[in-house]
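Structural characterization, general
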Amino acid sequence: MATRNVVRCTLGKGSETSQDFSSSPFGKESKKSRKRSWSREFSCRDHSHGFPADPKAMSEAGITGSLLQEEENFSSCLARIDALILKPLLQAEPKDPKEKENFQLLALLNERFQALWNFTEENSRILRGKCGSSESGCIQDFYIIWKGDLFLSLCIQYFVTFANFVVVQGFEQATKSKSEAWKLHKPVLKQFLRDFTSESSLALALHSVLHKPLRSHIQSYLRLLSQLQEQLQEECEKDVVGTVLREFGKLESFISQVLDEAWLTKELWKSLGYKFTDMLCVPERRLLEDSRNLPIAAGAARSERILLFDDVLVLIQGNSFQSFDLKLVWVDEKCGEESAPGSYGLRITTPEETFVLSAKEPQIKAAWRWKLEQAVRQALHGKRDFPLWGRAGQGAAAPSRRFFSYAFGAAGRLRGATYEGEWRWGKPHGKGTLRWRDGRNHVGDFQEGLEHGFGICLVPRRSEDRYDCYKCHWYQGKMRGYGICEYGNDTVYKGYFKDNVRQGFGILENFSAQHPFKYTGQWENDKKNGYGIWEDKERGERYIGMWLDDHRHGAGIVVTQSGICFQRTFHADKMVGSGILLLEDDSVYEGNFTEDLTFVGKGKLSFANGFVLEGTFSAKKGRGLQTHGTLNTSMEKPEEPRSRTQLGLKEFPVEKRWEGIFEQFLEFIRCGCKEEMEESFMGFHIQSSKELRKSQEYLFCQRGTEEISWKTEDILEELVRHQELESLQRYLEQALKSSLHPLGKLLRALTVVFQATYSGIGATRHLLSMAQEEVKFYAKKIWEFYQDLLRLALARKGRGPSGDADPRIGKGSGVILPLILPRFYPELSMLYMLGHERQDELYGQGIAELSRFPDIRLLEFLDVHRHLWPLQDLPLTSDQRRSLIKDQCFLSATECLQKLMEIPGFFRELP
């Protein structure tokens, strides 16, 4: 026998299988055996054919010698197979493309063969070295014991590759080779094969000679290892050998199952037509069950034959077929009324359709169900079991939740889309990504096949190479709840959606340089409807009032950057009827006027000095403003200063202004304050896309100790503990400052709309009362929502509202108002100063006039008592001045004596 260099055996990238031995007992037990010094040792000195003289030792050494003899014989057999079969076959490389695929499989089979041969040579070398040495040994010297996992891996790879070659009828094609070298070698090969098998067919003979010697060799291993286990006396040694025996027994079962599956699969491909084999035949694919062997049907109109492979389920009807990837097949034995009377059904669920497999006997249904479940589970794991099948009825069920990528083809909402992510019972469920061919892209949460939860959706714009990006919450496939949409035209919407349209409260802002604007208010059916604020940054105007279908409609207030403010009724963006126009000099016009603020028609103009002009106004080009009426110059004192004229109080009831914000909070309480829905209802405090993404990550991440206290469950638990005034004030102060507490989120949303109304252009003294009224209403609503939260918290504890509340709390809004006022100080302070600007100006003028007075005149004007005047300023006689000086000296002496008396021990030290 030729001596061969031992090469290291590794798993190649082209292997069809990669058996995982991480859980195999081989590695664990062999490591233990290396650490432990075994008591039972054997020596191979004084041997004849490897057998020592000691009878007891002969039994152990005899096993070693037998094992060496077995390895040498097996290596010799492999050498003959290599020389007479594999090398000649590999020399006859075909030119046909299909035959080349089989030839590549043969080359891979040869690699696996060489790896097994190398292992055998290494084992033989080690055994010869031990038998020829005088050193004592132990069971870990058996290469097949401490390297059993490697042998198993090599055998599995070899027989899987061998089975692949059988499936594609590789031996039949190889024997038909037209190569001259092969024709010359045939007589020698036939003579060699007669010694191995009685098969008359050359293909069957090749099939037999390339697997039977290996199976016989494994059986010899099992026999010798069983003998070795009987000779050992230490339990730990027996356990090690017993573990190896069990794994080798599994290997023998695995080989039988692999060869049986390969043979059945090959026979199937031979029986089917070329149309099916060309599309379905894959070397790695195995037939697991056939409805002709185990009768089951999917309906006469649907299929004539059902084939279960290890990766797909195939339904054949006539000359066509349907295949379903097992990774996306769910099996449910509960199909209810869907199964036919008198039959036993299995519901098969796939991403695009559901059907029922019906059997006439429960045993057949159980067999198909078990095989389907095991096939699906193994397909999901990406590898077959070892051995392939356990006992019937055993094995874990396939998981209902999976991760996979699938392209939808059938007609429907998802036609042409590709989904990659989590699945459950045939539908996208969990985290995933949905992509359409037209460029649409949705990343987020799914439930029962629909977008549900937070998600980000990109929608391409047809007219330009830009996208609309929706980052919002979804409910059963439609946008619902708070979200941020960044449109491709530089416009951003931050607000609430319902059924894929803007609905409720929201802010639309355009950042483009051509026409920047900002709308803050109510939406209905994707249009501006209800109370809202429009700021035209280009014109320097702000509209505060009512909207209908994207048009100003109803009562409205317009504030200009120049200081002019007017209140008017609008109809489809046009002013109708009379209105009130407040000029910068505190003049007030009541009547009709045009969009460029020109007086027309009947009206009354009240000047700041009290004059009143009432009549008919007109303006003609080149002539200026003309009027026909009366001018009242009685200079009567107005009932109230013109600067204090307030707008919007009657036209915009405070409880109707921001209903969209309060409705969302109320809906959040109605749904039971579910934490996963909090951002959907109350996300408006988030004003950027980055913050929105972070808020979603926050909901599903591990939180710090400070943040945990603001979880919804903890909030409700904490509310019950703070019922007394001082404790409640401290709690509410923290809650309103927090961006995680619902009350804090509500306050931030109210702060946004307050600033949108009263800051910047809207800072006019004529809106002071409107702003004050609004802040008071905020306090009232926040207190109401606090009470709603408290009632919910008490209800969860099975308690009703407490009747012994702290009487000092009163209405409650008085507790909230001081806590929220600091948020609105900048706007309120500006409005107050503008409202009192005239009074402050007059006061300053008065102070300037008084500063010109002499000191005595100023003291007299301020009505200061004379005894408080400085002496040098008093017009007194000499006696009066002397009396005052004495009084002052007496007061000074009294004060000095009082200070001396305060010194400890002062009087005791006096002489």
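Here the structure is a predicted model, which is why all the values come from computation and not from measurement. (Residues numbered from 1 in each chain as written. Predicted model: local features only at pLDDT ≥ 70, side-chain atom pairs only at ≥ 80, totals over all residues. Heavy atoms only, no water.)

Re the overall build of the protein chain
Looking only at helices and strands, one finds 24 helices and 26 strands in the protein chain. The buried share of the protein chain, taken over its 911 residues, is 47%. In the protein chain, 49% of the contacts between residues at least 6 apart in sequence involve partners at least 24 apart. If you sum the accessible surface of the protein chain, you get close to 48000 Å²; carbon and sulfur atoms cover 50% of it. (Helix = DSSP H or I, 4+ residues; strand = E, 2+ residues; numbered from the N terminus. Buried < 20%, exposed > 50% of the residue type's maximum accessible area, 1.4 Å probe, protein only. Contact = heavy atoms within 4.5 Å. Areas by Shrake-Rupley, 256 points an atom, 1.4 Å probe, with all protein chains shown as cover.)

A few points about the packing of aromatic side chains
Given two aromatic rings, their pairing is described by the distance between the two centres and the angle made by the two planes. Applying the stated criterion to the full structure yields 46 aromatic pairs. Geometrically, the ring pair formed by Phe151 and Tyr221 is edge-to-face, given 5.3 Å between the ring centres and 75° between the ring planes. Of the two residues, Phe151 sits in helix H5 (residues 148-167) while Tyr221 sits in helix H9 (residues 212-231), which places them 70 residues apart along the sequence. Across from the ring centre of Tyr543, 5.4 Å away, lies the NZ or CZ of Arg552, which sits over that ring. One residue, Lys781, lies across the ring of Phe662, its end atom 5.5 Å from the ring centre. (Phe/Tyr/Trp six-rings, centres within 6.5 Å; stacked < 30°, edge-to-face > 60°. Lys NZ or Arg CZ within 6 Å of the ring centre and 35° of its normal.)

Observations regarding the packing of helix H13 (residues 659-670) against helix H19 (residues 742-758)
Following both chains from N to C, one finds H13 and H19 inclined at 170°, their axes separated by 11 Å at the closest point. With respect to each other, H13 and H19 are oriented roughly antiparallel. Here Ile661, Phe662, Phe665 and Phe668 of H13 come into contact with H19, specifically with Pro742, Leu743, Leu746, Ala749, Leu750 and Val753. Tallied by class, residues from the contact of H13 with H19 come to 10 nonpolar, no polar and no charged. (Axes fitted to C-alpha atoms, helices over the stretch in contact; angles between N-to-C directions. Parallel < 35°, antiparallel > 145°, perpendicular 65-115°, else oblique. Nonpolar A, V, L, I, M, F, W, Y, C, P; charged D, E, K, R; others polar.)

Some thoughts on the nonpolar core
Counting residues in hydrophobic clusters, the biggest one holds 79 residues, and the most contacted among them are Ile145, Phe151, Tyr158, Leu210, Leu251 and Phe254. If we skip the residues at most four places from it in the chain, Phe151 touches Leu116, Phe119, Ile218, Tyr221, Phe248 and Leu251. (Core = buried A, V, L, I, M, F, W, Y, C linked by side-chain atoms within 4.5 Å.)

Quick look at the state of the cysteines
This model, assessed by the stated rule, comprises 0 disulfides. Unpaired in terms of disulfides, Cys457 finds its nearest cysteine sulfur in Cys472, a separation of 8.2 Å. (Disulfide = S-S within 2.5 Å.)

Concerning the pairing of strand E10 (residues 427-435)
Bridge count between strand E9 (residues 418-424) and E10: 6 bridges; the pairing is antiparallel. Bridge assignment links Arg424 to a residue of E10, and that residue is Lys427. From the end of E9 to the start of E10, which pair antiparallel, there are 2 residues, and Trp425 there has a positive phi angle of about 50°. Of the strand pairs in this sheet, E10 and strand E11 (residues 441-447) are connected by 6 bridges, and their pairing is antiparallel. Paired with Thr433 across the strands is Val443, a residue of E11. Count of turn residues in the E10/E11 antiparallel hairpin: 5 residues, of which Gly439 carries a positive phi of about 105°. (Pairing = 2+ DSSP bridges.)

Observations concerning the packing of H5 against H9
For the pair H5 and H9, interaxial distance at closest approach is 12 Å and the crossing angle is 155°. Regarding the angle of H5 to H9, the classification is roughly antiparallel. The hand of the H5/H9 crossing is left-handed. Between H5, through Phe151, Cys155, Tyr158 and Phe159, and H9, the contact on the second element is made entirely by Leu214, Arg215, Ile218 and Tyr221. Its residues placed into classes, the contact of H5 with H9 shows 7 nonpolar, no polar and 1 charged. (Left-handed = near helix turned anticlockwise from the far one by under 90°.)

Concerning the pairing of E11
On a regular strand, one side chain projects to one face of the sheet and the next to the other, so that they alternate. Most of E11 sits out of view: 5 of its 7 residues are buried. Alignment of E11 against strand E12 (residues 450-460), held across 6 bridges, turns out to be antiparallel. From the neighbouring strand, His442 faces E12, where its bridge partner is Cys457. Two successive antiparallel strands, E11 and E12, enclose a turn made up of 2 residues, where Glu448 displays a positive phi of approximately 55°.

Section: the confidence of the model for the protein chain
Summary statistics for the protein chain give a mean pLDDT of 78 and a share of 74% for residues scoring 70 or more. Note on residues 1-58: pLDDT is under 50 here. Beyond four places in sequence and across chains, it has 112 contacts. (pLDDT = per-residue confidence, 0-100.)

Focus on the pattern of salt bridges
Under the criterion given, the structure shown has 35 salt bridges. Salt-bridge contacts for Glu448 lead to Arg424; the nearest nitrogen and oxygen are separated by 3.6 Å. Of this pair, Glu448 sits in the loop between E11 and E12 while Arg424 sits in strand E9, and the two are 24 residues apart along the sequence. Residue Glu448 is classed as partly exposed on the basis of its relative accessible area, which comes to 40%. Across the pair Arg440 and Asp438 runs a salt bridge whose closest N-O atoms are separated by 3.0 Å. (Salt bridge = Lys/Arg side-chain N within 4 Å of Asp/Glu carboxyl O.)

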